[in-house]
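Breakdown of the fold
One-letter residues, chain by chain:
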Amino acid sequence: MIRTEPRPPNLLRLLLLVLLLADLGYSSVQYYRQPLDGDVAWNLVPDRSVQPILDSPFGTAAWLEGRIYSNPNRFFCHWSFRGYFLAAPLALQSLVDPVTSVYLAAAIAKLLTHLLLLLLLARAVTGHWRIFSLPFLAVMALLTPFFQANGYRSQIGIVDPSITYTFFYALPAAALLLFLLPFIDRLFHGATRPPRPFALAALAALAVVVCLSGPLNPASIGVLTAVALPLLGYHRLRSLPLPYVLLWGWAAALALYSLWLGT
């Protein structure tokens, strides 16, 4: 029998996809119209207070040499921000004028961070990467109202109007969520196979980036470590394979180091 109309699930998927694309498109316009913040030049020159951070990625200068400077545990925020803005506007200048290229680069960075967080959150909830499946699209649609580029952005906005804050808060949050996915899969989605050796090495390296991207990620890992036992139960955590335990122990140690370094 030949169907003359799309099945309701297919139609619903199409409607959700159109909704998501429309929201992303409207958000991109709002991101483009937001002003640049004063920290952009401070990071890109860089200012003399930023240079020690770039000179000591792991913050060792703060305790080996006794140097006192701000943000010793935020190397990857500064590094990613500078790397992007020293390259992206120049690449865009083949299409637009130099001033526009900076605003356009900022809007693209915010939009990509917005989309990355949406995808990672939907992946954490559904437990799979079938992006065009109905559950995945539905979760993204339910989460979309929390990404306020205007209106209620001061109350529930996730991607900050400040492009510097986008690199210092929203993007590190995405890195943390990516690191947590294997644990979420194991504890909540019934995954039984531990990550392969290459994936474990990549996650261990990602833990360094996560913990040296400001104070919020290490604090989040510390809180998760403190509440995991009472919330999940000793027996459930005991069933975790050794690779998960070692990986989390490595991240927890890095989190403690980062928090200590920030003092």
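The preceding data block contains the structure.
Heads up: these notes are all about the structure in this document. Only a predicted model underlies this, so the values are computations on that prediction, with no experimental measurement involved. (Residues numbered from 1 in each chain as written. Predicted model: local features only at pLDDT ≥ 70, side-chain atom pairs only at ≥ 80, totals over all residues. Heavy atoms only, no water.)

**Some words on the packing of aromatic side chains**
Throughout the structure, instances matching the rule amount to 15 aromatic pairs. Here the aromatic rings of Phe183 and Tyr244 are separated by 5.7 Å at their centres, their planes lie at 70 degrees, and the arrangement is edge-to-face. With a gap of 61 residues between them, Phe183 in helix H10 (residues 163–188) and Tyr244 in helix H14 (residues 242–261) connect regions that are remote in the sequence. For Phe183, a relative accessible area of 8% corresponds to the buried category. For Tyr244, a relative accessible area of 4% gives the class buried. An aromatic cluster of three or more residues is present, and its members are Phe81, Tyr84, Phe85 and Phe167. (Phe/Tyr/Trp six-rings, centres within 6.5 Å; stacked < 30°, edge-to-face > 60°. Helix = DSSP H or I, 4+ residues; strand = E, 2+ residues; numbered from the N terminus. Buried < 20%, exposed > 50% of the residue type's maximum accessible area, 1.4 Å probe, protein only.)

**Remarks on helix H5 (residues 75–85)**
Because an α-helix packs 3.6 residues into every turn, residues spaced three or four apart end up facing the same way. Counting buried positions over the 11 residues of H5 gives eight, a clear majority of the element. For H5, the full list of buried residues reads Phe75, Phe76, Cys77, His78, Ser80, Phe81, Arg82 and Phe85. On the buried face of H5, the contacting elements are helix H2 (39–44), helix H3 (51–55), helix H6 (88–92), helix H7 (98–126), H10 and helix H11 (197–211). (Contact = heavy atoms within 4.5 Å.)

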